Each structure stands twice: as C-alpha cells, then as structure tokens.
Amino acid sequence: MTRRDGLTSDLFMVPTAPAAIPASMDYREEIAHLVGEALKAAEGDRYDVAANMSRLTGHDVSKYMLDAWASPARDAYNMPFYQAPVLESVCNTLILSSWLAEKRGGRLLVGKETLTAELGKLERIKEDAGRKIRELKKLMGELE
C-alpha cells in the first residue's frame, strides 16, 4: 500500500524545459513584467529600491532605470542579468530566480522546501529498501 501526501505531491513532479524552437525565446516582455511585479512587492517606492540597489552594487541605479526595466514597451532597456539578484534581494523576492529555473526545466526550492524535498526523497528510498528487504526475506523463506 502506497501512502499519498496531498501536500507535497507536486514536489516530485519532474519539470521539463520548453522546446528550443527558433524565435520562441524572446523573454524581454516577460522579464519586464517580472521586474514590475518585484517592484510592486517591494517595501518602499522605486526611489527606495534604486537607492538600495545603488548601495549594494556601488553603481548608480536610478528610479528611471527601474521604470525602463519594468516597461514591456522599452524592450531595448531590459534589466542586465547581473542586477537580477540585487533586485530580488532589495525587493525580498525570488520571482526572477524561480522564473529562470522554470525556463530551464527546473524548480527553485528554498529554505524549508529544500528540506521537505530531501525528506521526501529519503522516505522513498526507505520504502524501496523495505520492499526489497521483504522480497528477499520471502525468497529466503521459500528456499529453506
């Protein structure tokens, strides 16, 4: 009998990367949307976010740069990749990291989620080992 855990079943789904079809990976608009979502979730306004990003990187980041990065219409001004972890840190989010993991066929697990996934993996190994032990004992009993 296999027990099902309704709370963590999706932890064990195997994500897959999307097919690499020509002209299918222009993510500029998606990234702009995600930057906008991160900025909406931030404590403080865009001026605060820009100031904190400037402090963390040692390079000027302006409110106007954030506006451009968050605008799908300004696709020539996407956020530089090296700014993604800075923006996430300042906005206290993992929206870009999670998106990137999904685009590459993965899934981002952080904190307790990581431990839950590892526990689930070990529980499956334990169940498999128990099943094999029972099978071996059954075979040994038949041989005697």
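Refer to the structure presented above.
Residues numbered from 1 in each chain as written. Predicted model: local features only at pLDDT ≥ 70, side-chain atom pairs only at ≥ 80, totals over all residues. Heavy atoms only, no water.

> Lay out unusual backbone geometry with the relevant residues and their values.
Its identity is not glycine, yet asparagine 92 carries a phi of approximately 55°, on the positive side. Inspection of the secondary structure assignment puts asparagine 92 in the loop between helix 4 (84-91) and helix 5 (95-103). Given the relative accessible area of 73%, asparagine 92 is considered exposed. (Helix = DSSP H or I, 4+ residues; strand = E, 2+ residues; numbered from the N terminus. Buried < 20%, exposed > 50% of the residue type's maximum accessible area, 1.4 Å probe, protein only.)

> Give a description of the environment of aspartate 45 that names residues and reports values.
Inspection of the secondary structure assignment puts aspartate 45 in the loop between helix 1 (28-41) and helix 2 (46-57). With a relative accessible area of 40%, aspartate 45 lands in the partly exposed category. Expressed as a C-alpha distance, the spacing of aspartate 45 and lysine 63, which sit 18 residues apart in the sequence, is 9.0 Å. A distance of 3.0 Å separates a polar side-chain atom of aspartate 45 from the backbone nitrogen of aspartate 48. (Polar contact = N/O pair within 3.5 Å; in protein donor to acceptor, adjacent residues only side chain to side chain.)

> Report on the pattern of salt bridges, specifying residues and quantitative values.
Per the stated rule, a full pass over the model turns up six salt bridges. Here lysine 63 makes a salt bridge to aspartate 67, at a shortest N to O gap of 2.6 Å. Placement of the pair is lysine 63 and aspartate 67 together in helix 3 (residues 63-69), with a separation of four residues, close to one helical turn. Put simply, arginine 131 and aspartate 128 hold a salt bridge, and the shortest N to O gap is 2.3 Å. Separated by three residues within a single helix, arginine 131 and aspartate 128 lie in helix 6 (residues 112-143), roughly one turn from each other. With a relative accessible area of 40%, arginine 131 lands in the partly exposed category. For aspartate 128, a relative accessible area of 36% translates into the label partly exposed. Via salt bridges that share partners, Arg46, Lys63 and Asp67 belong to a single interconnected network. (Salt bridge = Lys/Arg side-chain N within 4 Å of Asp/Glu carboxyl O.)

> Can you explain the nonpolar core? Please cite residues and give values.
Nonpolar side chains in soluble globular proteins tend to end up buried together. Residues Val35, Leu39, Val49, Met53, Leu66 and Leu87 are the most contacted members of the largest nonpolar core, which totals 22 residues. The set of elements that each furnish at least two residues to this core consists of helix 1, helix 2, helix 3, helix 4 and helix 5. (Core = buried A, V, L, I, M, F, W, Y, C linked by side-chain atoms within 4.5 Å.)

> I'd love a proper account of the environment of histidine 59, names of residues and values included.
Note on placement: histidine 59 falls in the loop between helix 2 and helix 3. Other than its neighbours up to four places away in sequence, histidine 59 contacts Met53 and Ser54. (Contact = heavy atoms within 4.5 Å.)

> Can you explain the layout of surface pockets? Please cite residues and give values.
In this model, the second largest pocket occupies a volume close to 200 Å³. Every residue along the wall of the second largest pocket is listed here: Ile31, Met79, Pro80, Phe81, Ala84, Pro85, Glu88, Leu96, Ser97, Trp99 and Leu100. Elements supplying a minimum of two residues to the lining of the second largest pocket: helix 4 and helix 5. Tallied by class, residues from the lining of the second largest pocket come to nine nonpolar, one polar and one charged. (1 Å grid on protein atoms, 1.4 Å probe; cavity = no way out; pocket = protein on both sides within 12 Å on 5 of 7 lines; lining within 4 Å. Points joined across faces, edges and corners; volume = space filled by probe spheres on them. Nonpolar A, V, L, I, M, F, W, Y, C, P; charged D, E, K, R; others polar.)

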